Amino acid sequence: MNIQMETGWKTALESEFSKPYFVDLVHFVKKEYKDHTCYPQGKNIFAAFDSCPLQTLKVVIIGQDPYHGPGQANGLCFSVHEGINHPPSLQNIFKELESDTGKTYPKSGDLSKWAQQGVLLINATLTVRAHQAGSHQKKGWETFTDAVIKHISDTEEHIVFLLWGGFAKGKSKFINTDKHQIFTSGHPSPLSANRGYWFGNKHFSKTNTYLKSVGKTPINW
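Some thoughts on the overall build of the protein chain
Counting its secondary structure elements, the protein chain contains nine helices and six strands. C-alpha atoms of the protein chain, sized along the principal axes, occupy 45 × 35 × 25 Å. Looking at the protein chain as a whole, 52% of its 221 residues are labelled buried. Total accessible area on the protein chain stands at roughly 10200 Å², and carbon and sulfur atoms take up 50% of it. Charge separation in the protein chain, taken as the distance between the mean sites of 24 positive and 19 negative side-chain charges, equals 4 Å.

Take a look at the structure:
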């Protein structure tokens, strides 16, 4: 199956593309995009991989579902297109970044600059029908993205995994903690953050401290 994806990732994940679940998933996604408005744009479905080549990978952040409002989803978890209002979770991510690192709250909600430094911003489900959160869950995407996490764990070394919220924490079972660093906290959504499970996690500075300790260039958040 001819999947358009950054070469390193495509080679690494090639075996998934011919599996029955993935073939069924492609048929489902094509029909959904034909019959309904879906996000992100088709060209951005694999943007997380295209923006962060495998050879540059240092950090993995796992989201659950793309944004389902018009113009928001750009294929990177928690990220929105330039000029789009920041959703509540992204606002809280930036507030924590500000308090943790002293950086000024960013104007743009586009996290591409993180991805370009080696941060894989991957949702467990890579597509969604407009205005219907979770509408493409349990169709095969989770099987694929779990395979991505397993591949990273098995073949890479000294990757930081930032697992925010119960859903992301559930992915820890795929990660070899002898080789990689996991940081966990509550989800940055207002429900979790306002209960004290998000703010103060200092994940941005902790990530850079770890990267420096293993001889890698820190992320310019």
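Digging into the pattern of salt bridges
Counting across every chain of the model gives five salt bridges. Between Lys-171 and Asp-146 there is a salt bridge, and its shortest N-O distance comes to 2.7 Å. Note that Lys-171 is positioned in the loop between helix H7 (166-169) and strand E6 (181-185) and Asp-146 in helix H6 (residues 141-155), a separation of 25 residues in sequence. In this structure Lys-171 comes out as buried when scored by relative accessible area, which is 7%. Residue class for Asp-146 comes out buried when judged on its relative accessible area of 15%. Residues participating in the shared-partner salt-bridge network are Lys-31, Lys-34 and Asp-35.

Considering the sheet that holds strand E2 (residues 59-63)
By way of backbone hydrogen bonds, the strands of a sheet pair with one another, either parallel or antiparallel. Taking strand neighbours across the sheet as the criterion, the four strands line up as E3-E2-E5-E6 in an open arrangement whose pairing is parallel. The outermost strands of the open sheet, each flanked by one partner alone, are strand E3 (119-123) and E6. Direction aside, the axes of adjacent strands within the sheet are offset by 20° on average. Strand direction decides the pairing type here: strand E5 (residues 160-164) and E6, joined by five bridges, are parallel. Along E6, the bridge assignment pairs Leu-162 with Phe-183. The strands that H6 touches are E2, E3 and E5; relative to E3, the one it contacts most, it runs at about 155°.

Looking at the pairing of E2
Across a regular strand the side chains alternate sides, sitting on one face of the sheet and then on the other. Most of E2 is tucked away: five of the five residues are buried. Both faces of E2 are covered, namely the face carrying Val-59, Ile-61 and Gly-63 and the face carrying Val-60 and Ile-62. Bridge analysis of E2 against E3 gives five bridges, and the strand direction is parallel. Looking at E3, one finds that Val-60 is bridged to Leu-120. As judged from the three bridges shared by E2 and E5, these two strands associate in the parallel manner. Opposite Val-60, over in E5, you have Phe-161 as the bridge partner.

Side note on helix H1 (residues 7-17)
Residues of H1 that are buried: Trp-9, Leu-13, Glu-16 and Phe-17. Mapping the buried residues of H1 onto a view down its axis gives an arc of 85°, with all of them on the same face. Exposed residues pointing more than 90 degrees away from the buried face of H1 are listed as Thr-7 and Thr-11. On its buried face, H1 is in contact with helix H2 (20-35), helix H3 (47-51), E3 and H6. With a side-chain oxygen positioned 3.1 Å from the backbone nitrogen of Gly-8, the residue opening H1 is Glu-6.

Parameters and conventions
Residues numbered from 1 in each chain as written. Predicted model: local features only at pLDDT ≥ 70, side-chain atom pairs only at ≥ 80, totals over all residues. Heavy atoms only, no water. Helix = DSSP H or I, 4+ residues; strand = E, 2+ residues; numbered from the N terminus. Buried < 20%, exposed > 50% of the residue type's maximum accessible area, 1.4 Å probe, protein only. Areas by Shrake-Rupley, 256 points an atom, 1.4 Å probe, with all protein chains shown as cover. Lys, Arg positive; Asp, Glu negative; His and termini not counted. Charge placed at Lys NZ, Arg CZ, Asp CG, Glu CD. Salt bridge = Lys/Arg side-chain N within 4 Å of Asp/Glu carboxyl O. Pairing = 2+ DSSP bridges. Axes fitted to C-alpha atoms, helices over the stretch in contact; angles between N-to-C directions. Contact = heavy atoms within 4.5 Å. Arc of directions from axis to C-beta. Polar contact = N/O pair within 3.5 Å; in protein donor to acceptor, adjacent residues only side chain to side chain.

Functional significance is not addressed by these values, which are geometric in nature.
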